[in-house]
Amino acid sequence: MRRGAVLAATANATATSSTKTEQLLCAKQTLSEACSGTFRGSVASHSERAAVEEAQVALERFTTVLRATDGEWEAAADGTGATTDADGASKTRSGLNLNLLAGKWRLIWTNAGDVLSVLQLARRSFGLLEIGDITQSFTVDGKITNEIRIGVFGTTQPATRGGQNNATANDAGGGVALKVDANFSVMGGKTNGRTLALTFNSARLTELKISDLVETLVAPALLPRGGINHQILLALREFDVMVNLGDAVAIGRDGDSNRKKGGGAPVGSYHITYLDHDTLIGRANGAGGTFIFAREARESH
């Protein structure tokens, strides 16, 4: 009887897990469809924004948790992050898995006013200005890079080149990259914390990819490339302007303790509300706004 009860309990647990997985996949698909066609939220109507918010909240009910049995991460639909250890005791771990967070994430939706204003400006520029991929890259040792690629008609290569279906993982895209480098720490500790405190280090304009037209004007193909032509092309290709943000704003940290470290005043925090192998949702509490990301495809070897 005891063996039969154990087998029955195992079967029920498997069925429950399968149901939760199906619910999770359905919630993710609903969110993806709601974001589709909104140009990262910049042209979303009131009803479309409401649909995204509803789908987002539904997905955020699933919490990424650690399975005590094998150390892998799974999603629990009850939002508690609860699982059981080898003795059957309840074990909760709702903190961030930094290994899972590490990597490059591409923005697919936001309602943050500062980002939307840039996207909308580009759409009203009659093709003169182009906004390519907007990404966040995390490392396990607490570093983050925010990047936006900007293209200028006739001057740079298309900024969206890196986001095309045939782009490789090493394709940095066209245009020019604006990168903001920062350090982050998990507030509340890695075990239970899901909010990041950010300290910005530097901002850079780099990786300029000039258009074929500009290159032709600088060094025409039918004319020999002299020293000056070569130096101009080299300078354009190695274009890199950096601004040190050593005294810049720290997000989410205590003002007094942060000032002792040379940072600025706190203006909010960045809370990770959902994370799995291909989806990341964060809320910037200070500046406001929600950010939904899809993981960039890793380079295949």
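One numbering rule holds for all chains: residues counted from 1, following each sequence as written. In keeping with the predicted nature of the model, local features appear solely for residues at pLDDT of at least 70, side-chain atom pairs appear and are counted solely at 80 or more, and the whole-chain, interface and lining totals rest on all residues. To get the side-chain values, all heavy atoms of the structure are used, and hydrogens and water are removed first.

Let us now look at unusual backbone geometry. Peptide bonds are mostly trans, and most non-glycine residues show a negative phi. Even without being a glycine, R40 presents a positive backbone phi close to 60°. Considering the arrangement of structural elements, one finds R40 in the loop between helix 1 (2-35) and helix 2 (46-60). At E207, a position not held by glycine, the phi torsion is positive, near 55°. Labels follow the DSSP assignment, with helices taken as runs of H or I lasting at least four residues and strands as runs of E lasting at least two, numbered in each case from the N terminus.

Of all hydrophobic cores here, the largest spans 29 residues; its most connected members are F138, F184, L196, Y270, L275, L280 and F291. In terms of residue count, helix 4 (residues 113-123) provides more of this core than any other element does, four residues in total. In this structure Y270 touches Q136, F138, R194, T195, L196, G282, R283, A284, F291 and F293, once residues within four positions along its chain are discounted. Ranked by size, the runner-up nonpolar core spans 14 residues in total, among them L31, A34, I281 and I292. For this analysis, a nonpolar core means a set of buried residues of the types Ala, Val, Leu, Ile, Met, Phe, Trp, Tyr and Cys, connected via side-chain atoms within 4.5 Å. Accessible area is worked out with a 1.4 Å probe on protein chains only. A residue is then buried under 20% of its type maximum, exposed over 50%, and partly exposed in between. Contacts between residues were defined by any pair of non-hydrogen atoms, one from each residue, lying within 4.5 Å.

Before going further, it helps to spend a moment on the packing of aromatic side chains. Ring geometry is summarised as follows: Phe, Tyr and Trp rings, the Trp one being its six-membered ring, pair when their centres sit within 6.5 Å, and such pairs are stacked at plane angles under 30 degrees, edge-to-face over 60 and tilted between the two. Enumeration according to the criterion identifies three aromatic pairs in this entry. For the ring pair F138 and F184, a centre distance of 5.7 Å and an interplane angle of 80° mean the geometry is edge-to-face. With a gap of 46 residues between them, F138 in strand 6 (residues 129-138) and F184 in strand 8 (residues 175-187) connect regions that are remote in the sequence. In this structure, F138 and F184 share a single accessibility class: buried. Linked through ring pairs, Y270, F291 and F293 together constitute an aromatic cluster. When the ring centre of F39 is taken as reference, the NZ or CZ atom of R123 above it lies at 4.4 Å. We count a charge as sitting over a ring when the NZ of a lysine or the CZ of an arginine lies within 6 Å of the ring centre and within 35 degrees of the ring normal.

Bringing the environment of F39 into the picture now. Tracing the backbone through its elements, the reader meets F39 in the loop between helix 1 and helix 2. Taking the C-alpha atoms as reference, F39 lies 9.6 Å from Q120; in sequence the two are 81 residues apart. Setting aside its immediate chain neighbours within four residues, F39 contacts L119 and R123.

Take the confidence of the model for the chain next. Scored between 0 and 100, pLDDT is the confidence that the predictor attaches to each residue. Mean pLDDT over the chain: 75, with 64% of residues reaching 70 or higher. Predicted confidence is poor over residues 254-262, with pLDDT under 50, and the contacts of this stretch with residues over four places away or in other chains come to 10 contacts.

Turning our attention to the pairing of strand 8. Note on pairing: DSSP must find at least two bridges between two strands before they are called paired. Two elements, strand 7 (residues 143-152) and strand 8, share eight bridges in a ladder whose sense is antiparallel. Counted as the bridge partner of T145 is D181 from strand 8. One ladder, built from 12 bridges, connects strand 8 with strand 9 (residues 195-209); its direction is antiparallel. Looking at strand 9, one finds that V186 is bridged to L196.

This brings us to the side chain of S202. Counting through the fold element by element, S202 comes out in strand 9. Taking relative accessible area as the criterion, S202 reaches 9% and is therefore assigned buried. Excluding anything up to four places from it in sequence, S202 contacts K179, V180, D181, M242, V243 and L245.

On the surface, L178, L205 and V241 cluster together into a nonpolar patch covering about 200 Å² of accessible area. One can find L178 in strand 8. The partly exposed category is assigned to L178, whose relative accessible area is 30%. Here a patch means residues that are over 30% exposed by relative accessible area and free of salt bridges, tied together within 9 Å if like-charged and within 5 Å if nonpolar (Val, Leu, Ile, Met, Phe, Trp, Tyr). What sets the accessible areas is the Shrake-Rupley method with a 1.4 Å probe; for residues, cover comes only from the shown protein chains. The term salt bridge refers to a pairing of a side-chain nitrogen on Lys or Arg with a carboxyl oxygen on Asp or Glu at a separation within 4 Å.

Turning our attention to the pairing of strand 7. The pairing of strand 6 with strand 7 spans eight bridges and is antiparallel. Residue pairing in the sheet places T135 in a bridge with E147 of strand 7. Where strand 6 hands over to strand 7, the hairpin turn is made up of four residues, of which G142 adopts a positive phi near 85°.

This part covers the pattern of salt bridges. Should their charged atoms come close, side chains of opposite charge can pair. Taken as a whole and assessed by the stated rule, the structure comprises eight salt bridges. For the salt bridge of R149 with E207, the shortest nitrogen-to-oxygen distance reads 2.9 Å. You can see R149 sitting in strand 7 and its partner E207 sitting in strand 9, a full 58 residues away along the chain. A salt bridge links R204 to D240; the nearest nitrogen and oxygen atoms lie 2.3 Å apart. Of this pair, R204 sits in strand 9 while D240 sits in strand 10 (residues 240-244), placing them 36 residues apart in sequence. What makes R204 partly exposed here is its relative accessible area of 25%. We classify D240 as partly exposed; its relative accessible area is 38%. By sharing partners, the salt bridges in this structure join E147, R149, K179 and E207 into a single network.

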